[in-house]
Amino acid sequence: MATIEEQTPRVEFVSGERIARSGGFTGLHARLLHYWPYRWSVAWVQRRGLSPRAAVILVPFGWLLLFFLAPFLIVLKISFSEIRMAIPPYAPLVELVDGIYLTITLNIENYQLLWEDSLYWRSYVNSLWIAATSTLLALLIGYPIAYGMARAPRQWRSMLLMMVILPFWTSFLIRVYAWIGILKQEGLLNLVLMHLGLISEPLEILYTDIAVYVGIVYSYLPFMVLPLYANLEKMDPDLLESAQDLGCTPLKAFWVVTMPLSLPGIVAGCFLVFIPAVGEFVIPDLLGGADTLMIGKTLWTEFFANRDWPLSSAVAVVLLTLLIVPIVIFQKIQEKNPDL
Amino acid sequence: MNKRMSWFNLGSLVAGFGFLYAPIVILIIYSFNDSRLVTVWGGFSTRWYSELLQNESILDAAWVTLRVAFLSSTVAVVLGTMAALLLARFGRFPGRTLFSGMIYAPLVMPDVIIGLSLLLMFVALAWDRGFMTITLAHITFSMCYVAVVVQSRLISVDQSIEEAAMDLGCPPGRTFFVITLPIIAPALVSGWLLSFTLSLDDLVIASFVSGPGATTLPMKIYSQVRLGVTPEINAVSTILVGIVATGVLAASLISRRQEMTRRQDEQLAAAAP
């Protein structure tokens, strides 16, 4: 008898409440045991055993299904429900009325509102516009940097690469925050410009769209430079020389030879900047003004200030639909050459 | 002509790196400013650092953040490595497209969507939110980054070494631990560091999935920044930047040294008769 009891999992005998509060992965396991898919798979594993091969397939796959795909389905579901003054603040889609009738309510009002209220579609259009403009600016600034790095002496290159990556590792929030002190009315930029006599009174940059452009370009510049550099570095400099030997001016040689060859790097860099910029929240919130409409900020306000969970779910669903095409294209590019 | 081009290149490098580093350098300088007014220089002092040490709420937030980052990046490395193996070594399996989609999507998905969807799931499951939910959320997106980093390393590994070990009777699991793991170890280290900094950095997802009990450092910084620029935040930022910069530099030095010894070994092996 004792041996059987030792073999059964101990977790179930300990009070679930205490473990749940204690946190940690035993607590997680205890909580997950409440849900049948998890319970069944645990039972299956205990009965049949888990070969290492099956574990490598099931564990990451199951994790992403649980914590990535399932949440999206829930967002989709809640976007079709009605707001309600309760906890949680939305009405269930499937309901038993008087314990007899099963009613299914699909509420498309949230989506109607997104279409009718100009606040929402203007946020979407504005986000796409700001992201596209910043991507172009990042390309214009990033290309010369990547080009200069690729043409730098070989012994410098790994150090330069390191220097591009380093800001990317330091906190995003802090890098955005640093610009507040520079751009604000009595900030460093205005101080320097006034001192040089270039302007007579301080420019208003912070809390305008310009500050948002600066923030996005600054934060995502490494994403643009890295794929461009990876591409330009592999390019054979002899190609340029032969173009010039054949009578091309340097500028023409650049347009005819370098530019077309670096197109894959340009495309990858642009996607890497554009996609995250569309849904950006921190930059428009900290640097932009009250009238800077970006969809990430709208979603945040809808959720945290107005506490309208169904509507913010609908905003998220539409945002994802807008991004799905660029994301799929990007994934194809990534799978083809993962080193970009 | 060559000379002129290189002047242009040098100029764009200097301007570009100036743009990348000036804001951080200015932030660091002003963290040593004695004046409370952030724009007026009042002389060098470290008073904001000592005030920081007495600020309980910031220290608490930092401790929560470090624990979340440590736990989530460690689990993410294990899960991410499994995912990378699945992508790089298992060929076709049912659901491969779905799986690789789920690996690449979080890399480009807006944070607000990930945060909202995870929160709604935690609410639907009626889990209490706090330390645990933040950690779970961070594991989920970090493991995707680890998977991509480790996968690109796995692809570059010469598979014939693994095959040779298995031909000699080594079971696949053991082959992984004895042969593959030591080769891909640098990728695991950089994957861990990447996860750690991503977790240290995350504001949006943590704000969604956190509960009343758990405030992370970025959440704390964000709420202070909304009230205005303060020297304490400059000091916290400087410390964070310092830690990350030291970590990244150390990691790159170590990996470079390893690379050099590996190359020497290879040369010796090639020179041996």
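Residues numbered from 1 in each chain as written. Chains lettered and ligands numbered in written order. Predicted model: local features only at pLDDT ≥ 70, side-chain atom pairs only at ≥ 80, totals over all residues.

Quick look at the overall build of chain A
Point 1. Within chain A one finds 17 helices and two strands.
Point 2. A total of 340 residues make up chain A; the buried ones form 37% of that total. (Helix = DSSP H or I, 4+ residues; strand = E, 2+ residues; numbered from the N terminus. Buried ≥ 20, exposed ≤ 12 C-beta atoms within 10 Å, placed from the backbone.)

Examining the packing of helix H3 (residues 56-89) of chain B against helix H8 (residues 172-201) of chain B
All names here are of chain B.
Point 1. Where H3 contacts H8, the axes come no closer than 8 Å and their chain directions differ by 140 degrees. By the angle between their axes, H3 is oblique relative to H8. Between H3 and H8 lies a crossing of right-handed hand. For the pair formed by H3 and H8, the contact residues are Thr65, Val68, Ala69, Ser72, Ser73, Ala76, Val77, Gly80 and Thr81 on the first element and Leu188, Gly191, Trp192, Ser195, Phe196, Ser199 and Leu200 on the second.
Point 2. Here the contact of H3 with H8 is composed, by residue class, of eight nonpolar, eight polar and no charged. (Axes fitted to C-alpha atoms, helices over the stretch in contact; angles between N-to-C directions. Parallel < 35°, antiparallel > 145°, perpendicular 65-115°, else oblique. Left-handed = near helix turned anticlockwise from the far one by under 90°. Contact = placed C-beta atoms within 7 Å. Nonpolar A, V, L, I, M, F, W, Y, C, P; charged D, E, K, R; others polar.)

As for the interface of chain A and chain B
Point 1. Opposite the 76 residues of chain A that make contact, chain B presents 71 residues.
Point 2. Examining the composition of the side of chain A that touches chain B, we find that 17 residues originate from one element, helix H5 (residues 52-79) of chain A, more than from any other.

Describing the domain arrangement of chain A
All names here are of chain A.
Point 1. Splitting chain A by domain gives domain 1 (2-79) and domain 2 (112-336).
Point 2. The C-alpha-based centres of domain 1 and domain 2 are spaced at 40 Å.
Point 3. On the domain 2 side, the residues contacting the four residues of domain 1 number six residues.
Point 4. When grouped by side-chain class, the residues that make up the side of domain 1 that touches domain 2 number three nonpolar, one polar and no charged. (Domains from an automatic or database assignment.)

Examining the environment of alanine 165 of chain B
Point 1. With respect to the helices and strands, the residue alanine 165 of chain B is situated in helix H7 (residues 159-167).
Point 2. Through-space distance from the C-alpha of alanine 165 of chain B to that of leucine 240 of chain B is 44 Å; in sequence the pair is 75 residues apart.

Let's talk about the nonpolar core
Across soluble globular proteins, you tend to see nonpolar side chains buried next to one another.
Point 1. Of all hydrophobic cores here, the largest spans 160 residues; its most connected members are Ala146 of chain A together with Leu116 and Ala147 of chain B.
Point 2. If you tally residues by element for this core, the top one is H3 of chain B, at 17 residues.
Point 3. Both domains that furnish three or more residues to this core are identified here as domain 1 (2-79) and domain 2 (112-336) of chain A.
Point 4. Beyond its immediate chain neighbours, meaning those up to four positions away, alanine 147 of chain B contacts Gly80, Ala83, Ala84, Leu87 and Ile103 of chain B. (Core = buried A, V, L, I, M, F, W, Y, C linked by C-beta atoms within 7 Å.)

Focus on the confidence of the model for chain A
Point 1. Looking at chain A as a whole, the pLDDT averages 81, with 86% of positions reaching at least 70.
Point 2. For the stretch residues 1-22 of chain A, pLDDT sits under 50, and the model shows 13 contacts to residues farther than four places along the chain or on other chains. (pLDDT = per-residue confidence, 0-100.)

Description of helix H9 (residues 172-183) of chain A
Point 1. Given a rise of 1.5 Å per residue, 12 residues ought to cover 16 Å, and the 17 Å separating the end C-alpha atoms of H9 of chain A matches this to within 8%.
Point 2. Among the residues making up H9 of chain A, those that are buried are Phe172, Leu173, Ile174, Arg175, Val176, Tyr177, Ala178, Trp179, Ile180, Gly181, Ile182 and Leu183 of chain A. (Expected span 1.5 Å × (residues − 1).)

Describing the environment of tyrosine 49 of chain B
Residues and elements named next belong to chain B.
Point 1. By secondary structure assignment, the location of tyrosine 49 is in helix H2 (residues 47-54).
Point 2. On the neighbour-count criterion, tyrosine 49 (17 C-beta atoms within 10 Å) is partly exposed.
Point 3. Distance from tyrosine 49 to arginine 92, taken between C-alpha atoms, is 55 Å for residues 43 residues apart in sequence.

What to know about the packing of helix H6 (residues 131-156) of chain B against H8 of chain B
Between two packed helices, both the angle of their axes relative to each other and the distance between the axes serve to describe the pair.
All names here are of chain B.
Point 1. Where H6 meets H8, the closest approach of the two axes is 9 Å, and the angle between their N-to-C directions is 155 degrees. In this view, H6 runs roughly antiparallel relative to H8, as classed from their interaxial angle. Seen from above, H6 lies across H8 with right-handed handedness. Counting all contacts with H6, which are made through His138, Ser142, Tyr145, Val146, Val149, Val150, Arg153 and Leu154, the residues of H8 involved are Ile184, Ala187, Leu188, Ser190, Gly191, Leu194, Ser195, Leu198 and Ser199.

Things to note about unusual backbone geometry
Residue and element names in this part refer to chain A.
Point 1. Its identity as a non-glycine residue notwithstanding, tyrosine 207 has a phi of 65 degrees, on the positive side.
Point 2. Positive phi, close to 50 degrees, is recorded for arginine 307, a residue that is not glycine.
Point 3. Residue position: arginine 307 is located in the loop between helix H16 (295-304) and helix H17 (309-336).
Point 4. Classification of arginine 307 as exposed rests on a count of 12 C-beta atoms within 10 Å.

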